[in-house]
Amino acid sequence: MSDELDNNEEQEITGPDYLGVNDDTSGESIKKVTGMYRDWFLDYASYVILERAVPAIEDGFKPVQRRIMQSMKDLDDGRYNKVANIVGHTMQYHPHGDASIADAMVQIGQKDLLIDTQGNWGNILTGDSAAASRYIEARLSKFALDVVYHPKVTRWQASYDGRRKEPINLPVKFPLLLNQGGEGIAVGLSTKILPHNFLELIDASIKHLQGKKFQIYPDFPTGGIMDVANYNDGLRGGKIRSRARINQLDKNTLIITEIPFGTNTSSLIDTILKANEKGKIKIKKIEDNTAAEVEIQIHLPSGISPDKTIDALYAFTACESSISPLGCVIEDNRPLFVGVSEMLRVSTDRTVELLKSELEIQLGELEEQWHFASLERIFIENRIYRDIEEEETWEGVIAAIDKGLQPHIKHLKRAVTEEDIVRLTEIRIKRISKFDIDKAQQKIDALEDSIAKIKHHLANLIEYAIDYFKRLKKDYGAGKERKTEIRTFDDIEATKVIIRNTKLYVNREEGFVGTSLKRDEYVTDCSDIDDIIVFTEDGVMMVTKVDQKTFVGKGIIHVAVFKKKDKRTIYNMVYRDGARGANYVKRFAVTSTTRDREYDMTNGNKGSKVLYFTANANGEAEVVTIYLRQSGSIKKLKFDLDFADQLVKGRNSKGNIVTKYSIKKIELKEKGLSTLKPRKIWFDDSVQRLNVDERGELLGEFRKEDRLLIVNQKGIVKTVVPDLQLRFDDDMIILEKWDPKKPLSAIYWEGEKELFYVKRFLIEHPDKEETIITEHPNSYLEKIFTDYRPMTQIVFAKKRGQERDENMELNLEEFIAVKGITAMGNQLTKEKVLEINTLEPLPYDPPPAIEPEEMDVVDEEDMASDEEGPEVENNSEANDSNDDNGSKTDEGGQGLLF
C-alpha cells in the first residue's frame with residue numbers, strides 16, 4: 001500500500017484526480033486520495049491468485065487446504081475429530097470463514113484419498129450436500145500420514161498473527177494435484193486441472209524416473225466415457241468430451257449407469273426433462289434410483305428408437321459435456337501455465353529431492369546414535385566414570401571424562417563435544433550396572449547396517465524412488481483402477497436424431513411453406529432445426545430453414561426435409577427450355593447447398609417450365625410415356641422414356657434432349673428399380689458405429705433388403721437393417737452381413753445339466769431378438785460359428801491317475817442337423833472339457849448370386865460429388881451434350897448417386 005495512505009495533509013488544489021470537499025472555518029479544502037487506491041486492486045488480485053484460488057505446484061494444495069491438512073495433523077491421535085473442531089483449529093492459522101473451511105474440507109474428503117470420513121459427507125453422484133460440520137467426523141488416512149507429512153523437512157512461516165508456525169508447503173511425495181485435480185477463479189486468470197488416475201500417475205512417475213516417455217489422461221470419479229483426442233496435455237485450448245454411459249435395458253427402456261464429470265443426477269435429469277419439453281427427445285417417464293451407484297431409467301414410448309434416443313441424449317442434454325482444461329499453478333509466488341506432463345515431472349523430481357532429504361536426516365540421526373552408543377560403550381567398558389570420583393567441580397568432571405576418552409576415540413567419525421560428555425554424565429548407575437558389552441556391540445552393528453543401507457539408497461537414489469512409488473502402488477492401489485473409459489467419439493448430427501416435433505405444411509399455389517399453415521396441405525413431420533428443400537414449376541430449387549411461414553416462390557411442385565450429404569435421393573426431371581424451346585431430361589442429386597439461395601435447375605431461359613418431376617429416395621428410375629402435341633408432319637405422337645438410360649449428372653447440368661417438339665403430357669408407365677450400386681458399409685470399432693466413409697472393417701455391400709447379423713456374449717441373436725445411427729453393445733462378438741440361408745452353429749454350457757451342448761439353426765424371425773442358450777443362470781455361450789462348415793477342437797481335461805484323452809476334432813455340420821433356433825441341441829460330450837478351440841472351416845463354395853437384369857448399377861465412384869459449405873458453380877456443366885439418345889455424360893456434373 002502506498003505511503004500516501006497515511007498522508008492526511010490537506011492541499012488547496014483541484015482537478016479531476018482529487019476527490020472530497022471539506023467545509024471548515026478556514027474555507028474549502030480538497031483532500032488528495034488517489035494514492036489510497038492506486039495499488040489496491042493489484043494487491044487484491046495478487047492475494048486472490050496466491051492465497052485463495054490457485055494451487056501450488058510443490059504440494060498441490062491451495063492455502064486453505066494446506067492449513068486444513070496441518071490442523072488435522074496437529075489434532076491427530078488416531079481417533080475421529082468433529083469437523084467443526086478441525087475448522088476452528090484451522091482458523092488459528094488464518095481467519096478463513098468457517099463455511100469456506102468446511103466446504104474445502106468436504107471437497108477433500110469426497111475424493112477419498114487424504115481423509116477418512118465418518119457421517120454424511122454428501123454425494124458427488126446426486127449432488128446432495130454434506131451434513132453440518134458438527135455432525136460429521138474426520139481423521140487423516142494412512143496414505144496422508146505416509147506421503148504428506150515430515151516436519152523435519154518442512155519449511156515453516158509465521159501465521160497471520162505470529163502465534164503459530166504454518167508450513168510454506170507440505171512435503172508431499174506424490175503427484176497429488178494431478179490425482180485430485182483442482183479448479184479456481186482468480187482475478188484475471190483461472191485454473192482447471194482435471195483429476196487423473198492414481199495407478200497411472202504412479203506408473204508415469206516410474207517411467208519418468210526411468211527416462212521413458214509417458215502420457216497421462218484424466219480419470220473421473222463419476223466414471224463415464226471420454227474422448228481425449230484434443231486434450232492437449234491439459235494446456236489452454238485443449239478440450240475433452242465426456243459422456244454418460246447409457247445402455248439399453250430393453251426395447252423401451254434406457255439406463256444411465258455413469259455420468260459425465262461436473263454433473264450430477266439431479267442436474268442431468270433436469271436437462272433431459274427440458275429437452276423432452278422442447279420436443280427434441282420423446283420420453284414417457286424417468287426414474288432416479290441412484291444410491292451408491294448411478295441408476296437413471298428412461299422409459300420410452302412405443303415406436304421410439306432407443307439408438308436414436310441415445311444419440312439425441314448426447315446431442316441435446318448434459319449426457320455429453322465438453323470440458324476445457326487449463327493448467328495454471330503457483331510456482332515461486334507466480335502463476336505458471338503448464339501442462340500435466342510437466343506437472344508430473346516436477347512433482348516426481350520434488351519427490352526424489354524430498355526422499356533424499358529424509359534419507360540425509362535419517363542418516364544424520366543414525367550416525368548420532370552410533371556416535372553416542374560408541375561413546376557410551378567406551379565410557380562404561382573402560383570404567384571412565386570412576387575418574388570423576390575425586391573431582392569436586394563440574395569443570396573437573398568434564399575434563400576427567402574427556403581425558404579418559406581420548407585414548408579410545410580415534411575410530412569415531414567426529415570429535416567429542418562437551419554436549420556429548422554431559423550426556424554421558426546423565427547415564428544412571430542402574431544402567432551402568434546392567435551394561436552388557438555384547439548387546440551394546442549388537443546395537444552398534446545394527447546401526448552400522450542401517451547407516452550402510454541408507455548410504456546405499458542415497459548412492460542409488462533413483463532406484464530407491466522407483467521402489468518407493470512401487471510400494472505406494474502396492475499398499476494403496478487397491479480399488480483405484482480407472483473408472484472412465486477412453487474412447488473415440490463419433491460426431492452426432494442433431495438433425496438426424498432430433499424428434500420430429502412439428503408438422504410442415506405447404507401452399508403450393510401461393511408459394512408458402514411453414515409450420516403455421518395448418519389450413520393448407522400437410523407435407524411431413526419435421527423439427528424446428530431442420531432444413532427443407534423446395535422445387536417450383538419454373539425449375540428453381542431452394543433450401544431454407546423450417547419456420548412458421550416462408551415464401552419460396554409460386555407453383556411449388558416438391559417440398560421435403562433436406563438431408564445434407566444425402567447420397568441416395570435422386571431427382572428425375574423433364575423440363576421445357578424457355579417458352580418454346582426443346583425439352584430436356586436430367587437426373588441429379590443434391591448433397592449440399594447455400595441456404596436461402598435460389599438455384600435454377602433448367603437452362604436458365606425465361607419461360608422454362610418443369611413438365612415432370614419425381615424425388616426418389618433410393619435412386620429409382622421409372623419409365624414414363626410422353627405424349628406430343630399434333631404439329632406439322634409429326635408421325636410419332638407417343639413414345640416411352642426410361643430414366644434408367646440417363647446417368648446422374650450435376651444438378652447444374654443442362655441435361656439431354658428428349659424432343660424438340662411440344663409435349664402435351666407425361667404419364668407414369670412403370671415404377672422403377674434402384675439404379676444405385678449396393679452400398680458398402682464399414683464398422684469402426686473405435687467409435688462402435690457403422691459408416692460409409694471406409695473407416696474400420698468392411699462388412700459388405702448392402703441393398704435395401706439386406707440386414708446385419710448381431711450376436712452378443714449373452715447368447716442373444718438378432719438381425720437389423722444397417723442404419724448408420726445404430727449403437728452396439730460392448731459384449732458384441734459377431735457383426736457381419738446376414739445370409740438367411742447360412743446356418744449358425746453354437747456351443748454353449750447348459751447350466752442345469754452342467755454339460756456342453758451343440759446346436760445349428762437358421763434365423764426364422766429376422767425382426768425378433770432371440771436367445772440361443774437356455775435360461776438357467778449358469779448357462780453361457782462358449783463358441784459361435786457363422787461358417788458354412790465349421791470345425792472345432794475339443795481338449796479334454798486330464799483324469800486323476802489316467803492319461804489325458806486325445807484331442808477330438810469335430811465337424812459340426814456332420815455332428816448335428818439344422819434345427820429350430822429354440823431347440824436345445826445335442827450333448828457335445830459327457831467327458832470333462834478343458835477348452836474348445838476354433839479350427840479352419842472346411843471349404844465351401846456358395847452358389848453365385850443372381851443380379852436382377854433390370855437393375856442398371858451405376859458406380860458411385862464414377863460420379864462427382866457436391867462440395868460442402870458455400871457452393872461454387874461449375875460453368876462447364878452448362879455445355880453438356882444435347883444428344884437425343886442421352887448417350888454422353890456430363891464430366892463436370894456435381895451430382896452423386898448415393
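Residues numbered from 1 in each chain as written. Predicted model: local features only at pLDDT ≥ 70, side-chain atom pairs only at ≥ 80, totals over all residues. Heavy atoms only, no water.

Asker: How would you sum up the overall build of the chain? Please name residues and give values.
Answerer: In terms of regular secondary structure, the chain is built from 18 helices and 51 strands. Here the contacts in the chain between residues at least 6 apart in sequence split such that 67% fall between residues at least 24 apart. Accessible area for the chain stands at about 47300 Å²; split by element, carbon and sulfur atoms hold 46% of it. (Helix = DSSP H or I, 4+ residues; strand = E, 2+ residues; numbered from the N terminus. Contact = heavy atoms within 4.5 Å. Areas by Shrake-Rupley, 256 points an atom, 1.4 Å probe, with all protein chains shown as cover.)

Asker: Describe the sheet that holds strand β22 (residues 512-514), and please don't skip the residues or the numbers.
Answerer: Reading across from one edge, β23-β21-β22-β26 is the order of the 4 strands in this open sheet, with antiparallel pairing throughout. Either end of the sheet is taken by a strand with one partner, and the two such strands are β23 (521-526) and β26 (550-551). Examined bridge by bridge, β22 and β26 share 2 bridges and lie antiparallel to one another. Bridge pairing links Val513 to Thr550 in β26. (Pairing = 2+ DSSP bridges.)

Asker: Requested: an account of the nonpolar core, with residues and values cited.
Answerer: Ranked by size, the top nonpolar core spans 70 residues in total, and within it Met105, Leu114, Phe143, Val148, Leu405 and Leu472 carry the most contacts. With 12 residues, helix α11 (residues 340-381) is the single largest residue contributor to this core. Ignoring sequence-local partners within four residues, the contact set of Leu405 consists of Leu375, Ile378, Phe379, Ile384, Val416, Ile421 and Leu424. One finds Ala244, Ile259, Tyr314 and Ile498 within the second-largest nonpolar core, a separate group that totals 27 residues. (Core = buried A, V, L, I, M, F, W, Y, C linked by side-chain atoms within 4.5 Å. Buried < 20%, exposed > 50% of the residue type's maximum accessible area, 1.4 Å probe, protein only.)

Asker: Would you mind going over a negative patch on the surface in detail, with residue names and values included?
Answerer: Together, Asp387, Glu389, Glu390, Glu391 and Glu392 make up a negatively charged patch on the protein surface. Within the secondary structure, Glu391 sits in the loop between α11 and α12 (394-405). Exposure remark for Glu391: the relative accessible area of 35% places this residue in the partly exposed category. (Patch = residues over 30% accessible without salt bridge, like charges linked within 9 Å, V, L, I, M, F, W, Y side chains within 5 Å. Salt bridge = Lys/Arg side-chain N within 4 Å of Asp/Glu carboxyl O. Lys, Arg positive; Asp, Glu negative; His and termini not counted. Charge placed at Lys NZ, Arg CZ, Asp CG, Glu CD.)

Asker: Before we move on, can you summarise the packing of helix α3 (residues 63-75) against helix α5 (residues 98-110) with the specific residues and values?
Answerer: It is the contact of α3 with α5, at a shortest axis distance of 10 Å, that shows an interaxial angle of 80°. What the angle tells us is that α3 and α5 run roughly perpendicular. Contacts between α3 and α5 involve Val64, Gln65, Ile68 and Met72 from the former and Ile101, Ala104, Met105 and Ile108 from the latter. Tallied by class, residues from the contact of α3 with α5 come to 7 nonpolar, 1 polar and no charged. (Axes fitted to C-alpha atoms, helices over the stretch in contact; angles between N-to-C directions. Parallel < 35°, antiparallel > 145°, perpendicular 65-115°, else oblique. Nonpolar A, V, L, I, M, F, W, Y, C, P; charged D, E, K, R; others polar.)

Asker: Give me the lowdown on the sheet that holds strand β42 (residues 732-737), citing residues and values where you can.
Answerer: Taken in spatial order, the 4 strands of this open sheet run β42-β40-β41-β45, and their pairing is antiparallel. Looking along the sheet, the strands with just one partner apiece sit at the ends: β42 and β45 (770-771). The pairing of strand β40 (residues 708-712) with strand β41 (residues 716-720) spans 4 bridges and is antiparallel. By the bridge assignment, Val711 is partnered in β41 with Val717.

Asker: Tell me about the environment of Thr838, residues and numbers included.
Answerer: Relative to the assigned elements, Thr838 resides in strand β51 (residues 833-839). Between the C-alpha atoms of Thr838 and Ile784, which are 54 residues apart in sequence, the distance is 9.4 Å. Setting aside residues no more than four positions away along its own chain, Thr838 makes contact with Lys783, Phe785 and Met791.

Asker: Describe unusual backbone geometry, naming the residues involved and giving the relevant values.
Answerer: Positive phi, normally seen in glycine, also occurs at Asn232, with a value near 60°. Among the structural elements, Asn232 can be located in the loop between β11 (225-230) and β12 (239-243). The phi torsion at Asp596 lies on the positive side, around 65°, for a residue other than glycine. Structurally, the position occupied by Asp596 is in the loop between β29 (583-588) and β30 (599-600). Overall, the relative accessible area of 47% leaves Asp596 in the partly exposed class.

Asker: Which residues make up the packing of α12 against helix α13 (residues 418-425), and what values do they have?
Answerer: For the pair α12 and α13, interaxial distance at closest approach is 10 Å and the crossing angle is 100°. Judged by the angle between their axes, α12 and α13 are roughly perpendicular. Contact with α12, carried on its side by Trp394, Val397, Ile398, Ile401, Asp402 and Leu405, involves Glu418, Ile421, Val422, Leu424 and Thr425 of α13 and no other residues of that element. Taken together, the residues that form the contact of α12 with α13 break down as 8 nonpolar, 1 polar and 2 charged.

Asker: So what's going on with α12? Residues and values would help.
Answerer: For α12, with 12 residues, the first-to-last C-alpha span of 17 Å sits near the 16 Å given by 1.5 Å per residue. For α12, the set of buried residues is Gly396, Val397, Ile398, Ala400, Ile401, Gly404 and Leu405. Elements in contact with the buried residues of α12: α11 and α13. (Expected span 1.5 Å × (residues − 1).)

Asker: Before we move on, could you go through helix α2 (residues 40-53) and cite the residues and values that matter?
Answerer: An ideal rise of 1.5 Å per residue puts 20 Å on 14 residues; α2 measures up with 18 Å between its terminal C-alpha atoms. Residues of α2 that are buried: Ala45, Val48, Ile49 and Ala53. Where α2 is buried, its residues meet β9 (182-185), β10 (190-193), β18 (328-331) and β19 (334-337).

Asker: Explain the packing of aromatic side chains residue by residue, including any values.
Answerer: Counted according to the given criterion, the structure contains 22 aromatic pairs. Positioned over the ring face of Phe588 is Lys586, at 5.1 Å from the centre of the ring. (Phe/Tyr/Trp six-rings, centres within 6.5 Å; stacked < 30°, edge-to-face > 60°. Lys NZ or Arg CZ within 6 Å of the ring centre and 35° of its normal.)

Asker: Which residues make up the pattern of salt bridges, and what values go with them?
Answerer: Here the idea is simple: oppositely charged side chains can pair when their charged atoms come close. Under the criterion given, the structure shown has 49 salt bridges. A salt bridge links Arg482 to Glu200, with the shortest nitrogen-to-oxygen separation between them at 2.7 Å. With a gap of 282 residues between them, Arg482 in the loop between α16 (461-476) and β20 (485-486) and Glu200 in helix α8 (residues 198-209) connect regions that are remote in the sequence. When the shortest N-O distance is used, the salt bridge between Asp530 and Arg500 registers 2.5 Å. Taken together, the positions of Asp530 in the loop between β23 and β24 (531-536) and Arg500 in the loop between α17 (494-497) and β21 (502-507) put the pair 30 residues apart, joining distant regions of the chain. For Arg500, a relative accessible area of 33% gives the class partly exposed. Through salt bridges that share partners, Arg241, Arg243, Asp311, Glu320, Asp490, Asp491, Arg689 and Arg727 make up one connected network.

Asker: Hey, could you go over the side chain of Gln297 for me, with residue numbers and the actual values?
Answerer: Looking at the secondary structure, you find Gln297 in strand β16 (residues 296-299). Owing to a relative accessible area of 15%, Gln297 belongs among the buried residues under this scheme.

Asker: Give a detailed account of the side chain of Asp706, specifying residues and quantitative values.
Answerer: Relative to the assigned elements, Asp706 resides in the loop between β39 (697-702) and β40. Looking at Asp706, the relative accessible area reads 16%, which means it is buried. When neighbours within four sequence positions are excluded, Asp706 is seen to be in contact with Glu701, Pro722 and Lys737.

Asker: Lay out the environment of Gly479 in plain terms, naming residues and giving numbers.
Answerer: Of note, Gly479 is situated in the loop between α16 and β20. In this structure, the C-alpha to C-alpha distance between Gly479 and Phe198, residues 281 residues apart in sequence, is 10.0 Å.

Asker: I'd like to hear about the confidence of the model for the chain, residue by residue, with values.
Answerer: Residues of the chain with pLDDT of at least 70 account for 90%, and the chain-wide mean is 85. Across residues 1-26, where pLDDT falls below 50, the model places 40 contacts with residues more than four positions away in sequence or in other chains. This model gives residues 852-898 a pLDDT under 50, and the stretch forms 122 contacts once residues within four places in sequence are excluded. (pLDDT = per-residue confidence, 0-100.)

Asker: How would you summarise the environment of His765 if you had to cite specific residues and measurements?
Answerer: Summarising the element assignment, His765 is placed in the loop between β44 (755-761) and β45. For His765, a relative accessible area of 39% corresponds to the partly exposed category. Considering only alpha carbons, one finds His765 and Lys718, 47 residues apart in sequence, at a separation of 8.7 Å.

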